[in-house]
Amino acid sequence: MVDPIFVIMQTAFREQLFDVLGGIDEKYKVLVLGERVKQRLDLVCDSHALLDRRCANVQLLTANRQPERYLDVVYIVETCSLSYGCIQADFSAKSRRYQNAHVLLLKTLHFSQSELDQFQHKMASYIKTLKFVPLNFYPLEKQLFTFGDLDANLLLYDDELKLRNQKLSLVAEQLGNVCEVMHMRPYVRYLPSTMCKALAQLVSERFTAASETESMRSSPISTSSLDSEFRPTLLIIDRTADISAVLRHDLGFQALALDELSFDAPEVLNHIELNGTEGCLQESDETWTGLRHKHIVSVTEYLTTRIKELKQQNPHFADPSTEATVSDVRNMLAALPKFVKERDAASLSLDIAMACMEAIEKGNLKQLCEFEQTAVLNSLPMNSEEIDNPNLSLEGLLADSLVQILAKAPLQAKLRALCIYVLHRGGLCPQDWERLMAHSHLSQSDVDICLGLQCLGIPMIRPVGTQPRVMKTIASEEPEQPLLYARIRPAVYNLAERAVKEGLPDEFPYAGERPSKTEEAVNLASSLRNPRQRATWARSVAKKPEKPPQSRTSLIVFVLGGVTAAESASIYKLSDKEAQQILIGGDDLVTPAKYLDFLRKMKLSREELGLDVDKNTAVPKHLYEQSAHPRNQSVPAISHQGTPVPRKQSVPVVSRQNELIRAGPAYPNKNSNANGNLNGNLNGNLSGNQNGSLNSNLNASSKYGSYGAPNELVKRPQEKQNVAAQVNLEEPKKEEKSTYKKLKGAFKLKR
């Protein structure tokens, strides 16, 4: 159970969304979402929660939507030409769908202020709200967020694209969104690299600009956490801090499933199909959240025991042949929903675990994990006495293992093992690369994938005659007794632990504002204090109305280039150990397959990459098709220039009914029943007006009399004037008019 003082990221995101929707209008409206925006919202709430926020309907932007011209529409879309075009199509002359528009925007890489200004000018007659909202990230888990950018590394490290500055500016904007949603403005520190320094400066400038404006002074982003003196730290690092983390195998449940079963996020959190089993892996699934960061061996043992317990606790469900009494049936029906929920959750997790165990045996992951961990840690495993050739040195053992892997393993495993070995050696000379290609039957394109790590500044080719050097890494070995093939503690864990306990060293400089010595001492003392412990005197004080909970986040770690599931699991472990909320995020939840694909694309041209920036953004043709007008709706005509044509004011229904009553004597309705219900139709052609027609349906409840007039008008004629005043009707003139003239004046019929 999460301590209430810790605000779950998904909860904060959901509350921010509801605040945005609640601040627009109290009327019912239609909610239209972009495809990527809908993915974000599906992580935090379902459609029923949105419908409870006065949303009459929730639809996709590019879907074929029916017109609802009597309602306003709220768009939550990204800033791109596709979004602008779809919105303009909804208000075109032929297919007007809504009354007015509230446009909420999320910045993208291809954001253009001039394009936005042009769109605003064209839609000025219809837009009532146009603003940016801080929802531009994916809250995947309670302490994990990403930006869902699959092309992040290409944009950052491919010099030919020339999109690095735009990407860094967008990341700074998105990090600002995360801090605003979590109600904090942290100090910014960074790993001493060119990329991290540039991003840290952009983030710091954004915080400074936000604090200087009057509107942002009252914004939650300018406030700190629970204590007014405490401010968390945002630590920005990149993949060079622990490049092997995206290449090595990890036997954690979530990491193994994402790696070996080709699951993807965030789609895997919403729907999953495996061996005929379907289900959802969400934060509400306690079985999944409790097991996803555990070792696969512990997971299988727990799930097997849990399935047996369910069978023992519910024998009638497990064995249909068991005789059951009436009392047993009653208890079975009462326990059925809970049993089905627990059974499905345990069965889905068990199916995933069994598939992972099968992948371990089939792919010989034990040998791979042992090789990778030995190369990264530069030390022999604990069971080194069981090695076939104990006289071999560490380098000889690694070379021997690499030869076996390159001879038998699949291509992806070969490339991962080769990259890790080259990182361990500090690069290989050209002759060694040629020997490896000949022995492992790797093509030049395969070797180019490994050489792609040079774009991160990592030496992969060593000049001839130079001595190999072991690459230094911030990752370390687990000091406690590790589980099977789980020796490595990620570099992210070591950095976060030092930041929380004793503070980061001076090698990690500040960007922009930095705390004083007193503030550093206060921050360190606050981070060391356990927020779950309260003073004894505080428990006896009368409970006051609590304010909305704010986050007690001591550290945010952002990995530029993507974060792995193993790094996320280590942060959860540290957070539980230190009783501190530590957030971790990255451009994407990256897997080894994704990272190798990035390295492969480094040799491709921009036309061959197929970036999201370059994808076709044509507006669907069905949005321009003329839709049938809903019945009994008065829709304003739209000119081709985009300006509404003034429409004539229509008389309210209640006024029409009372005008008919006062215009002349009413006639009894032949279809009225004994209960006094009136369902009558008045059809008349008015002479003197060729196109004039009168069609009116009068529906009255039992309180109406047989003539269709309210009881107050029928029983108490002396109160007619007061009733007429209440419905805003004009007093009848003294001069007599014919019934035809009164009807014509009341309905203002068109010619």
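Residue numbers restart at each chain and count upward from 1, following the sequence in its written direction. At least 70 in pLDDT is required for a residue's local features to be given in this predicted model, at least 80 for side-chain atom pairs to be given and counted, and no such filter applies to totals for whole chains, interfaces and linings, which use all residues. Side-chain measures here rest on the full set of heavy atoms in the structure, leaving out hydrogens and waters.

**Comments concerning the overall build of the protein**
This is how it is decided: Where helices and strands are cited, they refer to DSSP runs of H or I of at least four residues and of E of at least two residues respectively, numbered from the N terminus. Relative accessibility under 20% of the residue-type maximum defines a buried residue, over 50% an exposed one, and the middle range a partly exposed one, all with a 1.4 Å probe and only protein chains included. In this description, contact between two residues means that some pair of their heavy atoms is separated by no more than 4.5 Å. Areas reported here follow the Shrake-Rupley algorithm with a probe of radius 1.4 Å; residue values treat only the protein chains shown as occluding.
From N to C terminus, the protein includes 30 helices and 16 strands. Across the 751 residues of the protein, 48% fall into the buried class. A sequence separation of at least 24 residues applies to 78% of the contacts in the protein between residues at least 6 apart. Within the structure as shown, the protein displays about 39400 Å² of accessible surface, and the carbon and sulfur contribution to it stands at 50%.

**Observations regarding the side chain of Arg462**
We apply this condition: In this tally, Asp and Glu contribute negative charge and Lys and Arg positive charge; neither His nor the terminal groups of the chain are included. We count a salt bridge whenever a side-chain nitrogen from Lys or Arg sits within 4 Å of a carboxyl oxygen from Asp or Glu. We define a polar contact as two N or O atoms separated by no more than 3.5 Å, with the added condition that, inside protein, one atom must be a possible hydrogen donor and the other a possible acceptor, whereas residues neighbouring each other in sequence contribute only through side-chain atom pairs.
Structurally, Arg462 is set in the loop between helix H20 (444-451) and strand S11 (476-477). Although Arg462 lies buried, it forms no salt bridge, and the closest oppositely charged side chain, Asp432, sits 4.3 Å away as judged by the N-O distance. One polar contact links the side chain of Arg462 to the main-chain carbonyl oxygen of Gly427, over a distance of 3.3 Å.

**Thoughts on the packing of aromatic side chains**
Selection criterion: Any two rings among Phe, Tyr and Trp, with Trp reduced to its six-membered ring, count as a pair given centres within 6.5 Å; such a pair is stacked if its planes are under 30 degrees apart, edge-to-face if over 60, and tilted if neither. Put simply, a charge is over a ring when the Lys NZ or the Arg CZ is close to the ring centre, within 6 Å, and near the line of the ring normal, within 35 degrees.
Going through the model one piece at a time under the given rule, you end up with twelve aromatic pairs. Ring plane angle 50 degrees and centroid distance 6.4 Å describe the contact between Tyr157 and Phe598, whose orientation is recorded as tilted. One end of the pair, Tyr157, is in helix H6 (residues 152-157); the other, Phe598, is in helix H25 (residues 592-601), and 441 residues separate them in sequence. Each of the two residues, Tyr157 as well as Phe598, counts as buried. The rings of Phe13, Phe137, Phe145, Phe147 and Phe558 are connected pair by pair, giving a single aromatic cluster. Of note, Arg40 hangs over the ring of Tyr138, and the distance from its end group to the ring centre comes to 4.6 Å. Arg189 extends its terminal NZ or CZ atom over the ring of Tyr510, reaching a point 4.2 Å from the ring centre.

**A look at the pairing of strand S8 (residues 233-238)**
Under the convention used in this document: Between any two strands, at least two bridges found by DSSP are needed for them to pair.
The buried fraction of S8 amounts to six of the six residues, a majority that puts the element mostly inside the structure. Residues Thr233, Leu235 and Ile237 line one face of S8 and the alternating positions Leu234, Ile236 and Asp238 line the opposite face, and both faces are buried. Relative to S8, strand S7 (residues 187-190) runs parallel, the two sharing four bridges. Among the inter-strand pairings, Tyr187 is bridged to a residue of S8, identified as Thr233.

**Observations regarding the environment of Asn100**
When you line up the elements, Asn100 lands in the loop between helix H4 (81-90) and strand S4 (101-106). As for Asn100 and Asp72, which are separated by 28 residues in sequence, their C-alpha atoms are 4.8 Å apart. If we ignore the near neighbours within four places in the chain, the residues touching Asn100 are Leu71, Asp72, Val73, Phe91, Ser125, Tyr126 and Lys128.

**Thoughts on the packing of helix H7 (residues 164-181) against helix H8 (residues 194-212)**
Put simply, the test is: All axes here are fitted lines through C-alpha atoms, helices being fitted over the stretch that makes contact, and every angle between N-to-C directions spans 0 to 180 degrees. Put simply, angles under 35 degrees are roughly parallel, angles over 145 are roughly antiparallel, angles from 65 to 115 are roughly perpendicular, and the rest are oblique. Note on convention: near helix rotated counterclockwise from far helix by under a right angle means a left-handed crossing. Clockwise means right-handed. Each residue is assigned to one class: nonpolar for Ala, Val, Leu, Ile, Met, Phe, Trp, Tyr, Cys and Pro, charged for Asp, Glu, Lys and Arg, and polar for all the others, Gly among them.
Viewed as axis vectors pointing N to C, H7 and H8 meet at an angle of 50 degrees, and their least axial separation amounts to 9 Å. On the basis of their axis angle, the class for H7 and H8 is oblique. For H7 against H8, the interelement crossing comes out right-handed. Counted together, Arg164, Leu168, Ser169, Val171, Ala172, Glu173, Leu175, Gly176, Asn177, Cys179 and Glu180 of H7 and Met195, Ala198, Leu199, Leu202, Val203, Arg206 and Phe207 of H8 form the full contact between these two elements. By residue class, the composition of the contact of H7 with H8 is eleven nonpolar, three polar and four charged.

**Focus on the sheet that holds strand S6 (residues 144-146)**
With parallel pairing, the five strands of this open sheet are ordered in space as S6-S14-S13-S8-S7. Two strands close off the open sheet at either side, each with one partner strand: S6 and S7. Sheet twist, expressed as the average angle between the axes of neighbouring strands with direction ignored, equals 20 degrees. One ladder, built from six bridges, connects S8 with strand S13 (residues 553-560); its direction is parallel. Among the inter-strand pairings, Thr233 is bridged to a residue of S13, identified as Leu555.

**Remarks on unusual backbone geometry**
Glycine aside, residues mostly have negative phi angles, and peptide bonds mostly take the trans form. Even without being glycine, Lys162 reaches a positive phi, approximately 55 degrees. Its place among the elements puts Lys162 in the loop between H6 and H7. Take Lys162: its relative accessible area is 72%, and that puts it in the exposed class.

**Some words on the nonpolar core**
Our working rule: Note on terminology: a nonpolar core comprises buried Ala, Val, Leu, Ile, Met, Phe, Trp, Tyr and Cys residues joined through side-chain atoms within 4.5 Å.
Counting 156 residues, the largest nonpolar core has Leu175, Leu199, Ile236, Ile352 and Phe558 as the members making the most contacts within it. It is helix H18 (residues 411-425) that provides the largest number of residues to this core, a total of nine residues. When sequence neighbours within four positions are dropped, the list of residues in contact with Leu175 reads Phe145, Phe147, Leu199, Val203, Leu234, Ile236 and Phe558.

**Considerations on the sheet that holds strand S5 (residues 127-132)**
With respect to topology, five strands assemble into an open sheet ordered S2-S1-S3-S4-S5, the strand pairing being parallel. Single-partner strands in this sheet number two, and they are strand S2 (55-60) and S5. This sheet shows a mean twist of 15 degrees between the axes of neighbouring strands, independent of strand direction. By the bridge criterion, five bridges tie S4 to S5 in an arrangement that is parallel. If you follow Ala101 over to S5, its bridge partner there is Ile127. In this fold helix H2 (residues 35-42) packs onto strand S1 (29-33), S2, strand S3 (72-78) and S4, with an angle of close to 95 degrees to the strand it touches most, S3.

**Focus on the pattern of salt bridges**
Under the counting rule described, the total for this entry stands at 32 salt bridges. Its salt-bridge partner being Asp90, residue Arg65 comes within 2.8 Å of it at the nearest N-O pair. Here Arg65, found in the loop between S2 and S3, pairs with Asp90, found in helix H4; they are 25 residues apart in sequence, far enough to count as distant. Accessibility classification places Arg65 together with Asp90 in one group, the buried group. One salt bridge connects Asp597 with Arg600, and the closest N-O pair in it is separated by 2.6 Å. Separated by three residues within a single helix, Asp597 and Arg600 lie in helix H25, roughly one turn from each other. Classification of Asp597 by relative accessible area gives partly exposed; the value is 28%. The class for Arg600 is partly exposed, based on a relative accessible area of 40%. Each of Arg489, Glu497, Lys501, Lys577 and Glu578 takes part in salt bridges that share partners, so that together they form one network.

**Brief notes about the side chain of Thr591**
Looking at the secondary structure, you find Thr591 in the loop between strand S14 (581-586) and H25. Overall, Thr591 belongs to the buried group, its relative accessible area being 9%. Setting aside chain neighbours within four positions, we find Thr591 in contact with Val246 and Leu258.

**Things to note about the confidence of the model for the protein**
Inclusion rule: Confidence scores labelled pLDDT are given residue by residue by the predictor and lie between 0 and 100.
Summarising the model, the protein shows a mean pLDDT of 76, and 68% of its residues fall at 70 or more. Taken element by element, the protein is modelled with least confidence in helix H27 (residues 653-663), mean pLDDT 34, and with most confidence in S4, mean pLDDT 96. Across residues 528-551, confidence stays below pLDDT 50; counting only partners more than four residues off in sequence or on other chains, it has 29 contacts.

**Notes on the environment of Leu247**
As for its position among the elements, Leu247 is in the loop between S8 and helix H10 (253-260). Residue classification places Leu247 among the buried residues on the basis of a relative accessible area of 0%. Counting along the chain gives 348 residues from Leu247 to Tyr595, while the straight-line C-alpha distance between them is 7.8 Å. Sequence-distant contacts of Leu247, that is, excluding residues within four places in its chain, are made with Glu372, Arg416, Cys419, Ile420, Leu423, Leu453, Pro592 and Leu596.

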